[in-house]
Amino acid sequence: SFYYGTFPAGFLWGVGSSAYQTEGAWDKDGKGPSIWDAFTHKKGKVFRNETGDSACDGYYKVKDDIQLLKEMKVNHYLFSISWPRIMPTGIKTEQLNEKGIQFYNDTINSLLENNIIPIVSLYHWDLPQVLQEKYGGWQNISMINYFNDYANLCFEKFGDRVKHWITFSNPWAVAEKGYETGEHAPGLKLGGCGAYQAAHHIIKTHAKVWHSYNNTWRSEQQGMVGISLTSGWGEPVDPHSQTDRDAAERYIQFHLGWFANPIYKGDYPEVMKNYVGRKSAQQGLGKSRLPTFSVQEKTYIKGTSDFLGIGHFTTRYVLQKSFPFLRASSYHTDHELAELVDPKWPAPGPKWLYSVPWGFRRLLNFIKTQYGNPLIYVTENGVSEKVQCTQLCDEWRIEYLKGYINEILKALNDGVNVKGYTAWSLLDKFEWNKGFSERFGFYHVDFKNKNKPRYPKASVDYYKKIITANGFPNQREVENWYQRSMDTCSTAHQLLAADSLITHMEMVTEIALPTVFTLCILISIVLLIFYLRNHS
């Protein structure tokens, strides 16, 4: 049932994005290549072979996009810094790119001038390509020091103004999709070991950066350092079945617990250690494919988060599933479970993203009980559409936001310590291996137009009303929001249609005029030759 009420005073409302997905300018002003530049430039890696080379042209449109944030009345903007934009090879001693540093200084200053708090992620997947080629990226322990140097540079250059730092955004995807399935950059399929090894180094890196901030910068800058972990909720198919309940627990531990458990409790979840260890022994391996932390490392890692960032999109029903013995076990067979969905769940966009709001409250309560009720910022939550025609009247996104934000309100009443919410995302943008086919934005971006204009969807107006009211004050008011928001999208549609017509006319003019001009010259030459022949 829907719960009417408001959020606590001071609750932060925002939107987010990431560098590679929006900035473009992939080789401009001294930026070095990232693993995503290299990955997308290989044919067959991304839907329609699309790339983020220019993306939303966010590098050139900072002022415009900050105006959009002002229009939405958000308190904060979550964005990521591109490591190779400020450190082209990823190695501090080799080269710094002052133009890149200036770009982020300007962005941070513009946000603050407009009373918008910057929340900054140090890593949203765009590792410098040089580090991948030289060392194998996150498979290599040397990443810990290179990343720590980069993080300290960011604290030095921006920490006087940035007070909320995220070390890694969704490291689960970095490890699993980058080093296990190869769906994401760097595209490696190191089955069974790659994801665990990458995650191990990422967790150690996170801890090192937290300690760096704690020892060197905290007393002067008074900021916070956390991590952003993305996880779905796993619900047992049969809540009365112990095996299904255990399978659902494994689902959460192999997603969220993989990273959260070491940070909050000092080690990997017991169930992960048991299952991966047993599978490794069955394969005849001398030791578990899941690496181990030393006693000193456990102590060093435990407690290294001032807040927990949570990304959440959807839920699955989970049941026990035993896989036949495989010589090549993988992360996906290690946890011995199957995922199901309810066909009645709305799925407006891609097949993985079903709208199941109640799962969010359960996930937040799980975090509260499992990790000692930490301070939580929701760092990613949203829904995409997967349609070829432009849809500015996004009523499904309005329903999704309304449902999921309401579950946070219920979780607050359960005593969960949530301090802010970041909707994902400000703009339609490059969606990794899906290219531009999935659109998460509040603002539609016309990628066919060279100026990449932005147009508000109905959800902009709806989210703005939630922010202004700080929640859902009463039924009558909330029901009125929907119709008013849908009215705004028809105006935006008219503007988009007019602009599209102008763009089309410009394209026709650009092609037609030179063609007509060339034809006129050719006809003139033919007539001249004909004339000269007759007169000779």
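Preceding block: the structure.
Heads up: these notes are all about the structure in this document. As a convention, each chain's residues are numbered from 1 in the sequence order in which they are written. For a predicted model such as this one, the threshold for reporting local features is a pLDDT of at least 70, and the threshold for listing and counting side-chain atom pairs is 80 or more; totals across whole chains, interfaces and linings nevertheless cover every residue. Hydrogens and water are ignored here; the side-chain numbers use all heavy atoms of the structure.

1. Here we look at the packing of aromatic side chains
Basically, it comes down to this: Ring pairs are drawn from Phe, Tyr and Trp, using the six-membered ring of Trp, whenever the two centres fall within 6.5 Å, and their geometry is named by plane angle: stacked under 30 degrees, edge-to-face over 60, tilted for the rest. Only DSSP runs of H or I with at least four residues qualify as helices, and only runs of E with at least two residues qualify as strands; both kinds are numbered from the N terminus onward. Working definition: with a 1.4 Å probe on protein chains only, accessible area under 20% of the residue-type maximum means buried, over 50% means exposed, and in between means partly exposed. We call a charge positioned above a ring when the Lys NZ or Arg CZ atom is no farther than 6 Å from the ring centre and deviates by at most 35 degrees from the ring normal.
Tallied over the entire structure, the rule returns 55 aromatic pairs. Here Tyr317 and Trp358 contribute two aromatic rings whose centre-to-centre distance is 6.4 Å and whose plane-to-plane angle is 45°, an arrangement assigned as tilted. Taken as a pair, Tyr317 in strand β9 (residues 315-320) and Trp358 in helix α14 (residues 358-370) lie far apart in primary sequence, 41 residues in all. Overall, the relative accessible area of 28% leaves Trp358 in the partly exposed class. A ring pair is formed by Phe472 and Trp481, whose centres lie 6.4 Å apart and whose planes are at 40°; its orientation type is tilted. Take Phe472 and Trp481: they sit in the same class, and that class is buried. Grouped by ring-pair contacts, the aromatic residues Tyr20, Trp36, Phe39, Trp125, Phe430, Trp432, Phe436 and Phe447 constitute a single cluster. For Arg85, the ring lying beneath its charged end belongs to Phe103, and the centroid distance is 5.9 Å. The lysine or arginine in question, Lys402, covers the ring of Phe2, its NZ or CZ lying 4.9 Å from the ring centre.

2. Re the sheet that holds strand β7 (residues 233-236)
Sheet strands pair via backbone hydrogen bonds, and the direction of the pair is either parallel or antiparallel. The condition that has to hold: The pairing criterion for strands is at least two bridges between them, as found by DSSP. Lines are fitted to the C-alpha atoms to define the axes, a helix being fitted only along its stretch in contact, and any angle between axes, read from their N-to-C directions, falls within 0 to 180 degrees.
Reading across the sheet, the 3 strands line up as β7-β9-β10 and stay open at both edges, with mixed pairing between neighbours. Of all the strands in the sheet, the pair left with one neighbour each is β7 and β10 (337-340). Between one strand axis and the next, the sheet turns by 40° as a mean value, whatever way the strands run. By the bridge criterion, 4 bridges tie β7 to β9 in an arrangement that is parallel. Counterpart to Trp233 in the pairing with β9 is Thr315.

3. Description of the sheet that holds strand β6 (residues 224-230)
In plain terms, the rule: The criterion used for residue contact is that any of the two residues' heavy atoms lie within 4.5 Å.
Pairing in this closed barrel of 8 strands is parallel, and the strands run β2-β3-β4-β5-β6-β8-β11-β12 around the ring. Adjacent strand axes in the sheet meet at a mean angle of 25°, parallel and antiparallel pairs treated alike. Here 3 bridges tie strand β4 (residues 117-121) to strand β5 (residues 164-169), and the two strands are oriented parallel to one another. Counterpart to Val120 in the pairing with β5 is Trp165. Each of β5 and β6 touches helix α7 (residues 143-158); the most contacted strand, β5, lies at about 155° to it.

4. Here's the deal with the pairing of strand β12 (residues 418-424)
Among the 7 residues that make up β12, 6 are buried, leaving the element largely enclosed by the rest of the structure. Inspection of the sheet shows strand β2 (residues 12-16) paired to β12 by 5 bridges, in the parallel sense. The residue bridging Trp13 from the neighbouring strand is Tyr421, located in β12. In the sheet, strand β11 (residues 376-380) pairs with β12 via 3 bridges, with the strands oriented parallel. The residue bridging Val378 from the neighbouring strand is Tyr421, located in β12.

5. Section: the pattern of salt bridges
Heads up, the condition is: Should a side-chain nitrogen of Lys or Arg be within 4 Å of a carboxyl oxygen of Asp or Glu, the pair is scored as a salt bridge.
Applying the stated criterion to the full structure yields 30 salt bridges. Glu297 is paired through a salt bridge with Lys204; the nearest N and O atoms lie 2.9 Å apart. In this pair, Glu297 is assigned in helix α12 (residues 295-301) and Lys204 in helix α9 (residues 194-221), connecting sequence segments 93 residues apart. When its relative accessible area of 24% is taken as the criterion, Glu297 is described as partly exposed.

6. A short note on the environment of Ile252
Assignment of secondary structure puts Ile252 in helix α10 (residues 242-265). Through-space distance from the C-alpha of Ile252 to that of Gln132 is 30 Å; in sequence the pair is 120 residues apart. Once residues within four sequence positions are removed from consideration, Ile252 is found in contact with Gly232, Trp233, Gly234, Gly257 and Phe366.

Any functional reading would require information that these geometric values do not contain.
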